[in-house]
Amino acid sequence: MKKILLTFLLLSLVTLTSVYAQSRKITGTVIGADDGKPLPGVSVKITGTNLGVQTNVQGAYSVTAPAGATSLTFSYLGYLPQTVKITGTTMNINLAPDSKSLNEVVVTGYGVEKKREITGAISSIKGSDFADQPVQTLDRAIQGRAAGVQVTSTGGGQPGGGISVQIRGVATVNGTTQPLYIIDGVQMNSGTIGGQTSLDALSAINPDDIESIEILKDAASSAIYGALAANGVVIVTTKHGKSGKTQVNASVQFGRAQPYNNYKTITGAQYVQLQNEAFINVATRTGASVATATTNAIASYSAAFPGGVVPAVIPTYDWVKAISQTGKVSQYDLSLSGGDAKTQFFISGSYNNTGGTILNSLFQRGTLRGSITNAVTDKLSVVASFSLTGSNVLGSTSTQGFFTNAPFTGAELTPPVNAIFNPDGTYNTALVGRNSLNEVQNLALEQRTVGTFQTVDNLALTYKFIPELSFKAFGGLDFSDVHDFNYRPATLLVAATTNGAGFEDYQRNINYNVSGTFNFNKKLGEHSLSAIAGFEYRSVTQQILAASATGFPSPLFTLLSNASTPSAPSSLFTGYKTAGFLGNISYKYKDKYFFTLNGRYDGSSRFGANNKYGLFYGGSAGWEMTREDFMKNTSFVTQLKPRVSYGVVGELPLANFGALALYNGVGNLVAGAGQYQFTPSSGGVLPGGLQGGLGLTQVAVPNLSWERSAQADIGIDFGFFNNRITGSFDVYRKTNTKLLLAQQVPGDTGFTSINQNTGSAKSEGYDVLINTVNVDKGGFKWITSFNLGYNRTKLLSLYNGVQQIQTFTYVVGQPLNLIYGPKWAGVNPADGRGMYYDAKGNITYNPKTADQFILGHVNPTLTGGFSNTVSYKGISLDFMFQYQYGNSSILQAQLNSYENLSNADNKTVDVLTRWTAPGQIAYLPRAYNGTEPLSASQGTFSSRGVDVASYIRLKSATLNYTIPSKVTQHVGISGLTVFVQGLNLLTFTNYRGDDPENTGTNLNFYPNERTLTAGIKAKF
Amino acid sequence: MTTLAITLASCEKLVTVTPQNSLTPAQTLVDVNGYLGLLAGAYAGAEGYNYWGRDLIIEGDALADNIVTNNGQAGGRYTNANLFIAANTFNFWTNSYFYINQLNTIIAGINTLTNVTPAQKTLQASIYAQAYALRALYYFDLARVYGWEPNNVPASGPDAGFTFSAVLRLTPITTIAGTTTKQNRSTITQTYAQIEADFLKAISLFQAIGTSKPNPPYALSESSAHGLLAKVYLYAQDYPNCVAQCQAALNPAICPAVLTPAGTYSKAFKSIPNPESLIEFDYVQSVQVAGVTGSNGSPYTYTQPTGYGFVGVGLPGAPNNFSTFGGQTVSAELVASFDTPTDDRKAMFYTSRTATTSATFTWCNKYSGANGLYTDNIPVLRYADVLLMEAEAMAAQGQFGPAQALVVQLRTARNASAAAVPADATLNAFIQNERRRELFFEGNRFFDLKRMAAGIPKPAATGVGTIAPTDYRIIAPLPTSEVLFNPALPQNPNY
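Residues numbered from 1 in each chain as written. Chains lettered and ligands numbered in written order. Predicted model: local features only at pLDDT ≥ 70, side-chain atom pairs only at ≥ 80, totals over all residues. Heavy atoms only, no water.

So, the sheet that holds strand 7 (residues 93-95) of chain A
Residues and elements named next belong to chain A.
Here's step 1: A sheet is described by the order of its strands in space; here three strands give the open sequence 4-1-7, paired in mixed fashion. Sheet topology places strand 4 (60-65) and strand 7 at the edges, where each strand pairs with a single neighbour. Taken pair by pair, the neighbouring strands of this sheet meet at an average axis angle of 35 degrees, ignoring direction.
Here's step 2: Of the strand pairs in this sheet, strand 1 (residues 24-32) and strand 7 are connected by three bridges, and their pairing is parallel. Its bridge partner lying in strand 7, Gly32 is registered against Leu95. (Pairing = 2+ DSSP bridges. Helix = DSSP H or I, 4+ residues; strand = E, 2+ residues; numbered from the N terminus. Axes fitted to C-alpha atoms, helices over the stretch in contact; angles between N-to-C directions.)

Details of the domain arrangement of chain A
Here's step 1: Here the domain parsing of chain A yields domain 1 (18-98) and domain 2 (268-315).
Here's step 2: Taking only C-alpha atoms into account, the centre of domain 1 of chain A sits 90 Å from that of domain 2 of chain A. (Domains from an automatic or database assignment.)

Let's talk about unusual backbone geometry
All names here are of chain B.
Here's step 1: In this structure, Pro216 follows Asn215 across a cis peptide bond, with omega equal to -5 degrees.
Here's step 2: Secondary-structure assignment places Pro216 in the loop between helix 10 (188-209) and helix 11 (222-235).
Here's step 3: Cis geometry is adopted by the peptide bond preceding Pro273, which originates at Ile272 and carries an omega value of -5 degrees.
Here's step 4: Among the secondary structure elements, Pro273 is positioned in the loop between helix 13 (265-270) and strand 2 (277-281).
Here's step 5: Positive phi outside glycine occurs at Tyr374, with the angle close to 60 degrees.
Here's step 6: Structurally, the position occupied by Tyr374 is in the loop between strand 7 (361-364) and strand 8 (378-382).
Here's step 7: Of note in this structure, Asn415 is not a glycine but carries a positive phi near 60 degrees.

A closer look at the pattern of salt bridges
All names here are of chain B.
Here's step 1: Evaluation of the coordinates by the stated rule reveals 57 salt bridges over all chains.
Here's step 2: The shortest N-O distance in the salt bridge between Arg411 and Glu434 comes to 2.7 Å. Taken as a pair, Arg411 in helix 19 (residues 400-412) and Glu434 in helix 20 (residues 427-439) lie far apart in primary sequence, 23 residues in all.
Here's step 3: Judged by its relative accessible area of 0%, Arg411 falls in the buried class.
Here's step 4: Arg437 serves as the salt-bridge partner of Glu434, at 2.7 Å between the closest nitrogen and oxygen. Highlighted residues: Glu434 and Arg437, both in helix 20, separated by three residues, approximately one helical turn. Arg437 matches Glu434 in its accessibility class, with the two residues each being buried.
Here's step 5: Each of Glu276, Asp339, Asp343, Arg345, Lys366, Arg382, Arg411, Arg414, Glu434, Arg437, Glu438 and Glu442 takes part in salt bridges that share partners, so that together they form one network. (Salt bridge = Lys/Arg side-chain N within 4 Å of Asp/Glu carboxyl O. Buried < 20%, exposed > 50% of the residue type's maximum accessible area, 1.4 Å probe, protein only.)

Side note on the packing of helix 18 (residues 383-396) of chain B against helix 19 of chain B
Residues and elements named next belong to chain B.
Here's step 1: It is at 8 Å that the axes of helix 18 and helix 19 come closest, and there the two elements cross at 160 degrees. Judged by the inter-axis angle, helix 18 sits roughly antiparallel to helix 19. Our pair here, helix 18 against helix 19, has a crossing hand that is left-handed. On helix 19, the residues that touch Ala384, Leu387, Leu388, Glu390, Ala391, Met394 and Ala395 of helix 18 are Phe400, Pro402, Ala403, Leu406, Val407, Gln409 and Leu410.
Here's step 2: Each residue belonging to the contact of helix 18 with helix 19 can be placed in one class, and the counts come to twelve nonpolar, one polar and one charged. (Parallel < 35°, antiparallel > 145°, perpendicular 65-115°, else oblique. Left-handed = near helix turned anticlockwise from the far one by under 90°. Contact = heavy atoms within 4.5 Å. Nonpolar A, V, L, I, M, F, W, Y, C, P; charged D, E, K, R; others polar.)

Examining the interface of chain B and chain A
Here's step 1: Contact residues are listed per partner, giving 98 residues for chain B and 91 residues for chain A.
Here's step 2: Together, Val15, Val17 and Phe485 of chain B form the three largest contributors to the area buried by chain B at its contact with chain A, with a combined 9%.
Here's step 3: Where chain B meets chain A, there are one salt bridge.
Here's step 4: The residue Asp748 of chain A makes a salt bridge to Arg169 of chain B at a minimum N-O spacing of 2.7 Å.
Here's step 5: There are 17 residue pairs in polar contact (both at pLDDT 80 or more) connecting chain B and chain A.
Here's step 6: Sort the elements by how many residues they give to the side of chain B that touches chain A and helix 3 (residues 32-46) of chain B lands first, with ten residues.
Here's step 7: Across the side of chain B that touches chain A, the residue classes break down as 44 nonpolar, 46 polar and eight charged. (Buried area = accessible area lost by both parts, 1.4 Å probe. Polar contact = N/O pair within 3.5 Å; in protein donor to acceptor, adjacent residues only side chain to side chain.)

Topic: a nonpolar patch on the surface
All names here are of chain A.
Here's step 1: Among the surface-exposed residues, Ile875, Leu877, Leu959, Tyr961, Val978, Val980 and Ile1016 lie close enough to one another that they form a single nonpolar patch of about 510 Å² accessible area.
Here's step 2: Looking at the nonpolar patch, the elements that each hand over two or more residues are strand 48 (875-885), strand 51 (951-963) and strand 52 (975-989).
Here's step 3: Classification of Ile875 by relative accessible area gives partly exposed; the value is 43%. (Patch = residues over 30% accessible without salt bridge, like charges linked within 9 Å, V, L, I, M, F, W, Y side chains within 5 Å. Areas by Shrake-Rupley, 256 points an atom, 1.4 Å probe, with all protein chains shown as cover.)

Describing the sheet that holds strand 43 (residues 823-827) of chain A
All names here are of chain A.
Here's step 1: Strand order in the open sheet made by the three strands is 43-44-45, with antiparallel pairing throughout. Edge positions in the sheet fall to strand 43 and strand 45 (843-844), since each of these pairs with one other strand and no more.
Here's step 2: Here strand 43 pairs with strand 44 (residues 834-837) via four bridges, running antiparallel. Across the sheet, residue Val827 finds its bridge partner in strand 44, namely Gly834.

A short note on helix 11 of chain B
All names here are of chain B.
Here's step 1: The terminal C-alpha atoms of helix 11, which comprises 14 residues, lie 20 Å apart, in line with the 20 Å expected from a rise of 1.5 Å per residue.
Here's step 2: Within helix 11, 14 of the 14 residues are buried, which leaves it mostly tucked inside the rest of the structure.
Here's step 3: Gln237, located one to two residues past helix 11, shows a positive phi value of around 60 degrees. (Expected span 1.5 Å × (residues − 1).)

With respect to the packing of aromatic side chains
Residue and element names in this part refer to chain A.
Here's step 1: Summed over all chains, the structure comprises 57 aromatic pairs over all chains.
Here's step 2: Seen in terms of ring centroids, Tyr61 and Phe74 are 5.5 Å apart; in terms of plane orientation they differ by 70 degrees. Their pairing is edge-to-face. With a gap of 13 residues between them, Tyr61 in strand 4 and Phe74 in strand 5 (residues 71-75) connect regions that are remote in the sequence.
Here's step 3: Relative to Tyr836, the ring of Trp824 has its centre 5.3 Å away and its plane inclined at 75 degrees; by these criteria the two rings are edge-to-face. One end of the pair, Trp824, is in strand 43; the other, Tyr836, is in strand 44, and twelve residues separate them in sequence.
Here's step 4: A relative accessible area of 2% means that Tyr836 is categorised as buried.
Here's step 5: Above the ring of Tyr576, the side-chain terminus of Arg606 is found at 4.0 Å from the ring centroid. (Phe/Tyr/Trp six-rings, centres within 6.5 Å; stacked < 30°, edge-to-face > 60°. Lys NZ or Arg CZ within 6 Å of the ring centre and 35° of its normal.)

Next comes the structure, spelled out in structure tokens:
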């Protein structure tokens, strides 16, 4: 209050001063240097004061300057502010556009809008923000850079592996949570492709070819994508040519990737001690002979030692280290861009070779991309883009879980007393405490590859009937051929019995969309109107051919035809279609009131017969307050635009044929291959041989439709102090109804669930983005971009009074994705057994179904990123932190094995805190080989296996040095920059698993890597 | 108006994709072959590892006193079941009803076909008969796993007077409306009556087709329907009917099986099919057990030492290349139950270390990969089983003489002493021990102990002691999701 009073006094003083001083009247007109037209609403201020006026509709102004005034400052949104010395009483000003901010347009679906006129909630990321970073895919590149957008890897550290992107939390149970990706108008297939290892379908695009990424977060903006838009839309615009001298950009970088934060496992001696305890504790408990137990304990591991004799000094073999490697990273990029007034082109090529941190894992990709823009006539223009991508990925199995052939499981669980190699250098396959799969050998000899050939192309023809009206015909293709290959030679024990085993499949994905849209633009005085109307059709199909074989005459023969016994041939088809009418109307008045309406009447083959089409719509409005008279005295405010939006969009049912009654092959030995062997005389009358088994696997659901997602958003865009501080703040609530639920039906009907639209959930929160120029003085500049998304979710209803589904993963009134299980009560100090709480809060050793509680949920409350650029002359440092807070994650690996003292697996050093003697207050129960009678097994899931997975991670840091052009010009290079950079450099977390960046459980998967690279980029 | 209608219709068509890997009902149930597919599916379902393919036969012994699950070797498989820890027993409730629904579809629909050629009439009748018999088998297994027997409901303890058994679904469910109706469990009496009616119906249908002997016995037939019905009567303690059905099953005119002669017990389990099988499920290695399916889940992988295998009677196991999760070892009590050292059946056991430990265990070689890598056929009902059922039913009625003769007939064929077989009331207990010696690792032991209501003794090595005959854990829990959804089913007590 005091401050306000003081300010008021000061202001009054200034006013008084000006009244009593001698003053001049200055008049003039302000016109835009870009089009020569008068600019209305320009703020004209006496420099250094708050005195000022605004130009009128004709761009004219009249201001009274006090005696001491020396200059006037003209500022207008989208133009560079100008300070002009007072030289006379008439001052006509040409205001130059701030090309950066004026040209900043945002792609909003089928058109573009100026950034300052946007009325929806849209995050924009520039390609330059992540250019030259050693990330292989665009979805990984946006990690930490957009408020309310949570990006998590699903393929772990496998280079090029799968990514999960969640925009503004999740309000669905069974529906997809991933956004729609659009690259230059092509609606992409996303997710992972290939079965042998994790490979992101979006790896078809080199992130360096990207000009910008827009993320449509609110339903009003995304409504033009109708039934595909419920999780937001990510619109990617690739680079196109610019007219002028041909520019050549080249960059090359090399580096290495290393695993970090591997589990610390126990030594051989500690392992032996643990096993002895485990056997002896059994004998003590069951009243058996301790001597026999000791003998059996020794027998359980003695085979690992030479001659079966336990040596005095027990060796330790580090299996985790043995399967790790330093991945070599190299990346080469080259692009050319140029053209004349009529034709512009852009061509780029790249090669990326990223070694994984596990033996025999690698991502190799070559890309070629080109685009050409041509004005055929004054009325007809054409834009064509094409890309070719070939990739080859080597990797271990990406499926999370305790599969013995997944190295990050097998190696970590192999007891440390086992030598990796025999004395003669061959692989040791007589492993104690594990089945006889030598993980190092498996990685070295098994061949697992995914090869892809992908192309993303589009062609757009635009015909301008009159300046106001044009028609655009568009066709886009996203095509991929994927080849999975797996070969296990007979030299591997698992394939020895079959003399080698091979598997191959070919997948062809054809995904295309075609559209025709009319585009109308008209400006009438202070009114401008633009409209889009069109139709779009999309078809997505996938075909897979696969076969296996065994019996290879030599390990050098690897193709199926060389094998003696072919098996499991399969041929699969699946696909879906969508089609819809779309429309958009944008209206603005006086460049300060903005209104937008979007709509789409959309149909899909996934909908039931009674619900083939649905209407999706949204509207938004914005108000640029700085254009108002009452704001003319607040020169420090350069933008203030409140916005409001509401929209209804949809989400397709997950299964392509989920609405149809279907008979499928059944019989649960080998998935999808139900057969039964009759013989010619079985029962005397049955036909001979194998008969395919059939069963009715689902009933028809004629009413199946989209999940309906309604979202309201209130936000504000702001800029202060000549845009030294800019940003936005949005509050949203997303309510999904008609949830696509697998509604449970009695299992005794022959079905377990029916796909239905029922139930509702909501996700709400706020997104903050603040960009600041902290220092900009004497060549030193420090800018930061901070974003934060707060989110909470709630399940509102299910069906038929059902209060929970999926064993309490979803409970009405609770957040989505709950973790549910027994509560750990610690270790009984008297006997070392694990204790749990029962439903009444009493201690139990064997919790029952009823003794379970909600232990947490996996949705982070806060997510975000914080990036900085500090530059001085030619040196700049970029670094970005990424964080999330408030989510729990299951320590599955610890529960099942690393801290499970009932089996022969290797353990982490945490087991050194186990109970060993009465009276101890221990963290872990006593070792016991097997399950203690009347106790739950040690691997029983409980709250002991749930940890908060909040973290802050220094995700990337880059140090650039640009050699002064004075130096480089002599050799014909207009810009030369050298750089070093790192990814995943530091992590701050209390999470006990290996990596808090996971999707809710640390079920063993490929560890994330730390990458360091150095490179050079040149501009000619 | 017409234009609009055409536009709407073409809009519908624009967004239509026809599946190619699945069939719609209109495409499937058009002829006998469609129904044959449903029957093949129901057999394939019964072959699943969580049902006849493994759990019913191996876990049925692990829950009793024939198996000691060695924790260090088993890879977690059955370690809890062997300790009789609640909720870790059989789990094929939901899966069974899926296949029962297909069998109900056959029973309700196959006789409505109008396009059956004269040549297909017998096939049609056979599918119809088998559907009844297979449905009865599914319901019998549900009844004995999830409920008590008609005369064996505990009088005390948590299960006192608990008479709920299977949910009897007898008509096909093919629409949403059908799936929404809840139905509660029937009583034990109702369930057994339905099983009996289904087998009797199947038998009369088989008889109507004519006398035939399935060879190999990979499908249900009149003989196996009699034999399985005999087991139902035995469980229900309806001894006269049991005897009659056993005798009908072994009628040489229809019975595909014989009692193999002395010295051939092991060989029979190596033969495809086992010559003693009245009904046997066949597994085709290259199709059904390909890939990791067998090495992860087959009876072989559960019961053979990893990296070692049987080489000969009296010899230790020798290294081989087969990785297994073998932890289901033969209990000392089972080995000790043999009274005659020369008994052929004892030769099924061998001792061996494994690739991962130098400690040795006793292993059972019944599942030896006789039909391919990791692949063995599953005898569902063997001649010897029927003989012993007949003997037991006779002895229970005091007919010790004829009962003794049957046991002697079996033991003679096994090179076991005939003199040891009593002819008085002690024969009842002797027959139970004989069943154990004959049918170990075939999933009978637990159910025999259960129906005899004498408690479940556990091997000393498990440290568990004897499970009281009224213990709630003897009947398996229904899936939690089912009882949460419909508490009125109801769940078995104490779960």
